[in-house]
Each structure stands twice: as C-alpha cells, then as structure tokens.
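The lines below spell out each chain.
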Amino acid sequence: MTVRGLDEQKSPQELQWAASRFDVLAASIAHEVNQPLTGIVTNAGTCLRMLDADPPDAAGAREAARRALRDGRRAAEVIGCLRALFAEEPPAAELVDLNDAAREVVAASRGEPARSCVPVQMELEDDLPPVAGSRVQLEQVILNLLRNARDATAGVAPGSRRVVVRTACGGGDGVTLSVEDAGAGLDAEILDRLFRPWFTTKRAGMGIGLFVSRAIIENHRGSLHARQNDGPGATFSFSLPRAPRSRIQSGRHGPSAHPG
Amino acid sequence: MTQATPTVYVVDDDVSVREALQLLFLSMGWRSHTFDCAAAFLARPRDARPACLVLDVRLPDLGGLDLQRRLAAEQLAMPVIFITGFGDVPMTVRAMKAGAVEFLIKPVHNETLLDAVRQAIARSIDAHRDQDNMRALQERYASLSPREREVMTLVTSGLLNKEVAGELGISEITVKIHRAGAKRKMGAASLPDLVRMAARLRSTSAPKARGPDNDWRVGALARSHQREAP
C-alpha cells in the first residue's frame, strides 16, 4: 500500500509508519475475510447435518447451502476490493476529477435497493482542480462514505432524510469532498472506534471499511475526518492536495522534465 | 420430566456469523435469538430458560468480556461461550477465569460448538434449579418470626437449648417451641438438615429474597452467629 516510486525520498519515520500500518491492515483483512468464512464453514456443516437427518431435511439443507454461497460471494467481494486497492501505485496515478468521480458513484449506487430511498443532493464546486491518484480507489472511498451516510439516514423519518455530497477547494492547495447525513449522528466514543480496523458497520453486505478508506486517502497524501454536525447527523470528509501543475500539463505520463 | 426448549442467544456484529449460527441452532430444534451489539442484547424483553450466550469478544459498543462481567453481576443463569476471530492467550485466560464455558476461534467446527452449547445449557438448568431452591429457602426463612430466626441461628451454630435460653433471656421451653416452629416452617427433616439450610442461607453468593422485616438478609443470620463467640 505504501509502495512508492524509487525517486521518492523515504524518511526513517515514514518507513516505520508504513510497517506498522501494514501490520494492522493485515489483521483487518484477516478479520474481514474470517467472518464470511466462518459463515461458510458453519452453514456447510449445517447443510450436511440436515442431509444426515432421518428423514433428510432437504429444504433446510438448501437454505444452508444458499447462505454458504452468499457468504462466499461476500468474502470474494472483500478480496476484490483489496485487489483494487493494492493494484495501483501512486507513480502510475492518473488525474482524477472528484466531481466526476462523485457523480459516477452516486449514479452507480442508485441501483442498490436498500439505499435507493434516501435521495442524495450534490453540491459540487465548479472548476474543481483535479487530484493525482487512483480513480478506482477514490471512488471506493466515496462509495463507502455514501453507503455509511445512507445507512445512518435510513432510520430517520422520511421527510428528514438527507444526504449531501459536496466538493470544494480547501484551504491552501487542497480539494475537499464531504458527505453529510441527517442520521443518528456520532458520539465521541463511536468516532473513536470508527477508524479501528475491526469496527464493522451494522448492515449486511459490505464495502471497504473506514479504516481502509482512511488508508487510501492518506496514501494519496490526504486526510479523512468525521465530525458531528451542528444539527442532526454527521459529516465525513476527505481532503487531498491538488495535482501538481506539471502533472496536469503532462497528463497521464508522469511529470515531465521541463514545462512548456 | 420434559425439559424446556433451550434458547441460544447470539451476539456478533457480523451478519454471516449471526445467521449461520442461528440456522445451526434451529436445526437442532433449539430456539435462537441474534443481536448485532451488546446494547441490543441488553435490551431484550425477557430471559428464556434454560439459555446460554454465544458471543464475540469484539462488539461495536461493549467488549464481550465487559458484557460477560455485567452478566455475572446480574447473576443470570446464562453461561457464556466465546466465539471469536481474534483471541490471544491473556484474553482467553480472563474469559475462562470469569466462568466462560468455552473460548473458540473462528471458524469453528460445528460439533465443537454444539458440545459447548450442550454443556452450557446443562449448566443453565443446574443454575436455575439452584436459584429456585434458594429462593424457596429464603421465602421459608422469611416466614419465620423474628424470635424463631434468632433461635434457629443460635441452634444451628451449635448451642444447646439451655445456652440459647440464656443467650436470649427466655425459658428453655420457649426455646424448644421456637426451635420446633423454625424446623417445621423451614421444612427441615432433622437438626443436621436445618444446619445445612442455615449454611446455605449464609452463603454470600445467594440472591437476596425479601421478607417482612430487615432480618431477611443473610448478613443478619451471619452477624447474630458472630455475637456469641466465646
């Protein structure tokens, strides 16, 4: 995850950080995969048990097998997300327009039935500067934040359901994307736990968790934050440095030696 | 005598695990209720019996070991089985010392888990029976008059009727009457039987029963026993 180009300087502190983060991330991956795996092992065992019953319980066995399949697919999703996460390295980074990324993610997620009843408002700043990084990974992060926001809002009365995705130029040379919900909100303790690797959200199905989201953002030299709104609900946001001008000028092929 | 259907409570924040375990327990003809966090479990309407709890150490709101501690404090006859994807030796030791039936690492072999649940349910049945017996004992003790209780305390701590009479400032005949009354109301078949009952009432782990006056507390029985130390 912290593989960098050979031309980049590594400070001793940076290497240490990378090592310990990998440790924690590995534990997180193991845990995320172990859960559906447990489901598979248990369900398969139950399936056999039901077939061995006298008389055999075919309907029950079918249900157990169906669940094992669902768990398997879930585990595969985790692996798939992780593959996407580790597949790209910053040196091969592309220019990413966060507005485009946000629009794509929102459009794609409309198909998710459980979440489609929560409308998403978009307040995207015009002429948002692009960032340098992995489009796939950043879209994963946006999707994660969006799903969390929709889940948080689902429990609220229909009239007050609201999720707002905003982009803006941040302080300095940064670009910020935030997802605000009008849900139950967070308390200090939940906020603290949210970013631990094994904190899982309540719902079925998955996406990358907040721990991995933050890892992606930090790998893009940005930062991810969560805070309670003044009103109901919470806002999750990340900020990234804008792509260097040399990168913008040279497009996908890395920084060029001389501008112009 | 037919036993009541066992109930297995499952607390795990992962849906795959919750549903797989529930299906397994249902296939055994047991009842099973699942919860995705400690708060949801603690808010359950009432306790089935006999029952046990299958629980992960890591929950979104409260650690599994903290939940175990809370349950122990409430003296529920609901033994705990830990099933977790994350376990180190110190954690296992703490859980077992706190009375867990088992500490299993995911993924778990079904038979291993079922054995642990059977063991836990057996413990639950025993614990409920003991609690029922203790409650009955305390109710009977509460039905004694204050004087009968005093006599019972002193008699069961080894004093002769004459000594009891002297201690309480009453006649020996009165002592005999109260002693017989206490023995009858407690349903004791003999003096040793009564002594055993007194010992059980003294035990500090007993849940407390209410009585007509403050003397229902086990402490009162113990304190009056200390009064006549030589």
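Residues numbered from 1 in each chain as written. Chains lettered and ligands numbered in written order. Predicted model: local features only at pLDDT ≥ 70, side-chain atom pairs only at ≥ 80, totals over all residues. Heavy atoms only, no water.

## As for the overall build of chain A
Phase 1 of the analysis: If you tally the helices and strands in chain A, you get 7 helices and 7 strands.
Phase 2 of the analysis: Going from the N terminus to the C terminus, chain A shows its helices and strands as α-α-β-α-β-β-α-β-β-α-α-β-β-α.
Phase 3 of the analysis: Put simply, chain A has 260 residues, and 44% of those count as buried.
Phase 4 of the analysis: Restricting to contacts in chain A with at least 6 residues of sequence separation, those with at least 24 account for 73%.
Phase 5 of the analysis: As displayed, chain A offers around 13300 Å² of accessible surface, 56% of which is attributable to carbon and sulfur atoms. (Helix = DSSP H or I, 4+ residues; strand = E, 2+ residues; numbered from the N terminus. Buried < 20%, exposed > 50% of the residue type's maximum accessible area, 1.4 Å probe, protein only. Contact = heavy atoms within 4.5 Å. Areas by Shrake-Rupley, 256 points an atom, 1.4 Å probe, with all protein chains shown as cover.)

## Thoughts on the nonpolar core
Phase 1 of the analysis: Leu98(A), Leu145(A), Leu177(A) and Phe238(A) are the most contacted members of the largest nonpolar core, which has 34 residues in total.
Phase 2 of the analysis: Counting residues per element, the ones that place at least two in this core are helix H3 (98-109), helix H4 (135-154), strand E4 (163-169), strand E5 (174-181), helix H6 (210-219), strand E6 (223-228) and strand E7 (234-241) of chain A.
Phase 3 of the analysis: Here this core takes 7 residues from H4(A), the largest share from any one element.
Phase 4 of the analysis: Excluding its chain neighbours within four sequence positions, the residues that come into contact with Leu145(A) are Val179(A), Leu210(A), Leu224(A), Phe236(A) and Phe238(A).
Phase 5 of the analysis: Grouped together as the second largest cluster of nonpolar side chains are 21 residues, Val11(B), Leu59(B), Leu67(B) and Phe82(B) included. (Core = buried A, V, L, I, M, F, W, Y, C linked by side-chain atoms within 4.5 Å.)

## Notes on helix H7 (residues 161-168) of chain B
Residue and element names in this part refer to chain B.
Phase 1 of the analysis: Among all positions of H7, only Asn-161, Val-164, Ala-165 and Leu-168 are buried. Buried residues in H7, looked at end-on, bunch into an arc of 100°, giving them a common side. Summarising the geometry of H7, the exposed residues directed more than 90 degrees from the buried face are Lys-162 and Gly-166.
Phase 2 of the analysis: Just past H7, the residue Gly-169 takes up positive phi, approximately 75°. (Arc of directions from axis to C-beta.)

## Re the sheet that holds strand E2 (residues 31-35) of chain B
Residue and element names in this part refer to chain B.
Phase 1 of the analysis: The 5 strands are arranged E2-E1-E3-E4-E5 in an open sheet whose pairing can be described as parallel. Edge strands, defined here as strands with exactly one partner in the open sheet, are E2 and strand E5 (102-105). Strand after strand, the sheet turns through a mean of 20° between neighbouring axes, direction not considered.
Phase 2 of the analysis: Packed on one face of the sheet, helix H1 (residues 15-27) meets strand E1 (7-11), E2, strand E3 (51-55) and strand E4 (80-84) and runs near 170° to E2.
Phase 3 of the analysis: In the packing of helix H5 (residues 110-142) onto the sheet, the strands contacted are E1, E3, E4 and E5, and the crossing angle to E3 comes to about 140°. (Pairing = 2+ DSSP bridges. Axes fitted to C-alpha atoms, helices over the stretch in contact; angles between N-to-C directions.)

## Considering the sheet that holds strand E2 (residues 120-123) of chain A
All names here are of chain A.
Phase 1 of the analysis: The mixed open sheet is built from 5 strands, whose spatial order is E2-E4-E5-E7-E6. The open sheet has two free edges, formed respectively by E2 and E6, since each of these has just one partner strand. If you compare each strand with its neighbour and ignore which way they point, the axes differ by 15° on average.
Phase 2 of the analysis: Across 6 bridges, E6 lies against E7 in antiparallel orientation. Looking at E7, one finds that His-225 is bridged to Ser-237.
Phase 3 of the analysis: Strands E2, E4, E5 and E7 of the sheet are contacted by H3, whose axis makes an angle of about 170° with E2.
Phase 4 of the analysis: Lying over the sheet, H6 contacts E6 and E7, oriented at roughly 135° with respect to E6.

## Quick look at the interface of chain A and chain B
Phase 1 of the analysis: Taken together, the contacts link 28 residues of chain A with 27 residues of chain B.
Phase 2 of the analysis: Carbon and sulfur atoms make up 49% of the surface buried where chain A meets chain B, a total of about 2300 Å² over both sides.
Phase 3 of the analysis: Counting the contacts that link chain A with chain B gives 3 salt bridges.
Phase 4 of the analysis: Arg74(A) is the salt-bridge partner of Asp14(B), the closest N and O atoms lying 2.7 Å from each other.
Phase 5 of the analysis: The interface formed by chain A and chain B holds 9 residue pairs in polar contact (both at pLDDT 80 or more) in total.
Phase 6 of the analysis: Residues that form the side of chain A that touches chain B fall into these classes: 8 nonpolar, 10 polar and 10 charged. (Buried area = accessible area lost by both parts, 1.4 Å probe. Salt bridge = Lys/Arg side-chain N within 4 Å of Asp/Glu carboxyl O. Polar contact = N/O pair within 3.5 Å; in protein donor to acceptor, adjacent residues only side chain to side chain. Nonpolar A, V, L, I, M, F, W, Y, C, P; charged D, E, K, R; others polar.)

## Details of the packing of aromatic side chains
The way to describe two aromatic rings as a pair is by their centre distance and the angle between their planes.
Residue and element names in this part refer to chain B.
Phase 1 of the analysis: Scanning all chains against the criterion turns up 5 aromatic pairs over all chains.
Phase 2 of the analysis: Between Phe-25 and Trp-30 the ring centres are 6.1 Å apart and the planes differ by 35°, which places this aromatic pair in the tilted class. The exposure classification of Phe-25 matches that of Trp-30, with both residues buried.
Phase 3 of the analysis: Measuring from ring centre to ring centre gives 5.5 Å for Phe-35 and Phe-41, while their planes differ by 75°; the resulting arrangement is edge-to-face.
Phase 4 of the analysis: The buried category is assigned to Phe-41, whose relative accessible area is 0%.
Phase 5 of the analysis: Three or more aromatic residues link up through ring pairs in this structure, and these residues are Tyr-9, Phe-35 and Phe-41.
Phase 6 of the analysis: Its guanidinium or amino end placed over the ring of Tyr-9, Arg-44 lies 5.8 Å from that ring's centre, counting from NZ or CZ.
Phase 7 of the analysis: One cation-aromatic arrangement involves Arg-149 over Tyr-141; the distance from NZ or CZ to the ring centre is 5.5 Å. (Phe/Tyr/Trp six-rings, centres within 6.5 Å; stacked < 30°, edge-to-face > 60°. Lys NZ or Arg CZ within 6 Å of the ring centre and 35° of its normal.)

## Some points on the confidence of the model for chain B
Residue and element names in this part refer to chain B.
Phase 1 of the analysis: Predicted confidence across chain B gives a mean pLDDT of 84, with 85% of residues reaching 70 or more.
Phase 2 of the analysis: Ignoring residues within four places in sequence, the model shows residues 208-230, a span with pLDDT below 50, making 38 contacts including any to other chains.
Phase 3 of the analysis: Per the prediction output, this complex has pTM 0.63; the corresponding ipTM is 0.70. (pLDDT = per-residue confidence, 0-100.)

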